[in-house]
Every structure is written in C-alpha cells, then in structure tokens.
Amino acid sequence: FLASKNGSNMQAIIDACADGRIPASPSLLICNNPTAFAAARARAAGLTVEILNGKTHPNPSDLDLAIEEALLAHQIDLVILAGYMKRIGKRVLSSFSNRILNIHPSLLPKFGGRGMYGIRVHQAVIQSGESETGATVHLVNERYDEGPILQQRSINVDSEDTPEALQQRTLVLEHSLYPDTIAKIAKGEIDLPDP
C-alpha cells in the first residue's frame, strides 16, 4: 500500500484479506506522512511500515528509487494506492507497470485529473448537475486518473446531497469496490495487461 492519510480503503482491503475474500497477503505500507492514521492501521495489522518522503529523501529521484527498492525487497506483486497524495515516480511506474491500482471517487473519465481529489470531486459533481456518480478502480500511469479502468460502480446523486454527504456515500461504495476488484485480480477474473 501507498497511503498519506486515513487509510480507510487500505483497512477495507486488509479486512478482506483477513476474512478470505481476497486470496492475498498484505505486507507493506509506504507512507509519506509519519502522523497518518494509515500507519497506525498498518502496524495494527502486522504490516511493515516505511516512512519515505521529501524529508527522508529530498531528491525526488532518490525517493523514487527508495520506494522501488522497498517494494522489490518485499516482493510486492500489486501496489495499491489508498489515498496517496504524491505523484508516482518513473522508476516505480516502470518496475510495476500495469501493477499499480488506484481508486477515484467519480466515474472516470469524468471529474478526474490533476487537482481532482477529495471533496473537490464531489463539489464538481454536484455543481455539474450530474444524476449519478460513483467510484472507479484503474491502473496508474504517468497521467493522473487516465490509466485503464478495471471496474466502476455508480450511485445516484440526490437533490439534497451536499458534497460531504456524497463523499460519505461514495466512500462506502469504494470500500466494497476496491476489495472486490483486487479479489478478482487475485482469482484471475480480471486480467491485467502485461507489464
């Protein structure tokens, strides 16, 4: 996992591994924020936690290399972004091509791209007058939110929805969609493109 904040999607995936819905073993969290609740969640689940950020590695290429080395050292097969608020470096993108997943709180390609994260997405959905929104699990490439889509699920946008209410309803959706997508990958029901 790579996470920066709360790590609720990470927790949903850890729980799905623990109860057998995902036939996989989570082993590592790379976190750029030493005070993130995600780090406490990961430690409680027995994962190794490595804090790697601009303070530990001021040179971006050194940070990219450190993340790549940590992932390789732990023999990671699939990299799961769970609220990771930093751009993925070229080395990691290359070493884990078509093996890095992200979840986005909209029906991509709508409401994606640079600067579209968190509450901003839900504000934009409501302002646009959309009748539905949802969540998208996609592969990560060098362009924000433009990697191949693996799965999407939708919910209605209600007339009384606030951005905060919509964010909460979408997060519930994410907590089922993300583990389901990873389970399907692990079981061979979703084929990832060759690296």
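The structure displayed is predicted, hence computed values, not measured ones.

(A) Representation of the overall build of the chain within the structure. When helices and strands are tallied, the chain shows six helices and seven strands. Ordering the α and β elements of the chain from the N terminus gives β-α-β-α-β-α-β-α-β-α-β-β-α. Relative to the compact-globule value of 16 Å for 195 residues, the chain shows a C-alpha radius of gyration of 16 Å, a close match. The buried share of the chain, taken over its 195 residues, is 47%.

(B) The side chain of Glu68, seen in detail. The topology assignment puts Glu68 in helix α3 (residues 60-73). You can call Glu68 buried: its relative accessible area is 7%. Setting aside residues no more than four positions away along its own chain, Glu68 makes contact with Arg91, Val92 and Ser95.

(C) Spotlight on the layout of surface pockets. Computed from the structure, the second largest pocket encloses a volume of approximately 410 Å³. Around the second largest pocket, the lining comprises 21 residues; the ones closest to its centre are Ala24, Ser25, Ile76, Asp77 and Leu78. Sort the elements by how many residues they give to the lining of the second largest pocket and helix α6 (residues 163-186) lands first, with three residues. Residue composition of the lining of the second largest pocket, grouped by class: 15 nonpolar, four polar and two charged.

(D) Layout of the nonpolar core. Ranked by internal contacts, the top residues of the largest apolar core, which has 39 residues, are Phe1, Met10, Ile13, Leu29, Leu101, Leu150 and Tyr178. Considering each element in turn, this core owes the most residues, seven residues, to α6. Setting aside residues up to four positions removed in sequence, Ile13 forms contacts with Phe1, Ile22, Ile80, Tyr178, Pro179 and Ile182. Membership of the second largest hydrophobic core comes to 19 residues, among which are Ile30, Leu63, Tyr84 and Ile88.

(E) Summary view of the environment of Thr48. One can find Thr48 in strand β3 (residues 48-51). Taking the C-alpha atoms as reference points, Thr48 and Leu28, separated by 20 residues in sequence, lie 4.8 Å from one another. In this structure Thr48 touches Ser27, Leu28, Leu29 and His74, once residues within four positions along its chain are discounted.

(F) Local environment of the pattern of salt bridges. If you walk through the whole model with that rule in mind, you get nine salt bridges. Salt-bridge contacts for Asp19 lead to Arg21; the nearest nitrogen and oxygen are separated by 3.0 Å. Between Arg143 and Glu142 there is a salt bridge, with the nearest N and O atoms lying 2.6 Å from each other. When salt bridges that share partners are traced, they join Glu142, Arg143 and Glu146 into one network.

(G) Helix α5 (residues 119-128), seen in detail. Inspection of α5 places Val121, His122, Ala124 and Val125 among the buried residues, and these make up the whole buried set. Buried residues in α5, looked at end-on, bunch into an arc of 160 degrees, giving them a common side. Summarising the contacts, the buried residues of α5 are in contact with β5 (100-104), β6 (132-139) and α6.

(H) Representation of helix α2 (residues 37-44) within the structure. By the burial criterion, the buried members of α2 are Ala38, Ala39, Arg41 and Ala42. Looking down the long axis of α2, one finds its buried residues gathered within 160 degrees of arc, a one-sided arrangement. Considering only its buried residues, α2 is in contact with β1 (2-3), α1 (8-18), β2 (28-31) and β3. Positive backbone phi, approximately 85 degrees, marks Gly46, located one or two places after α2.

(I) Examining unusual backbone geometry more closely. A cis geometry characterises the amide bond from Leu108 onward to Pro109, with omega recorded as 15 degrees. Looking at where Pro109 falls in the secondary structure, it is placed in the loop between β5 and α5. Despite not being glycine, Gln75 shows a phi value in the positive range, around 50 degrees. Along the chain, Gln75 turns up in the loop between α3 and β4 (79-80). Not every positive phi belongs to a glycine, and Phe111 is a case in point at roughly 60 degrees. Along the chain, Phe111 falls in the loop between β5 and α5.

Calculation notes
- Residues numbered from 1 in each chain as written.
- Predicted model: local features only at pLDDT ≥ 70, side-chain atom pairs only at ≥ 80, totals over all residues.
- Heavy atoms only, no water.
- Helix = DSSP H or I, 4+ residues; strand = E, 2+ residues; numbered from the N terminus.
- Rg over C-alpha atoms; globule rule 2.2 N^0.38 Å.
- Buried < 20%, exposed > 50% of the residue type's maximum accessible area, 1.4 Å probe, protein only.
- Contact = heavy atoms within 4.5 Å.
- 1 Å grid on protein atoms, 1.4 Å probe; cavity = no way out; pocket = protein on both sides within 12 Å on 5 of 7 lines; lining within 4 Å.
- Points joined across faces, edges and corners; volume = space filled by probe spheres on them.
- Nonpolar A, V, L, I, M, F, W, Y, C, P; charged D, E, K, R; others polar.
- Core = buried A, V, L, I, M, F, W, Y, C linked by side-chain atoms within 4.5 Å.
- Salt bridge = Lys/Arg side-chain N within 4 Å of Asp/Glu carboxyl O.
- Arc of directions from axis to C-beta.

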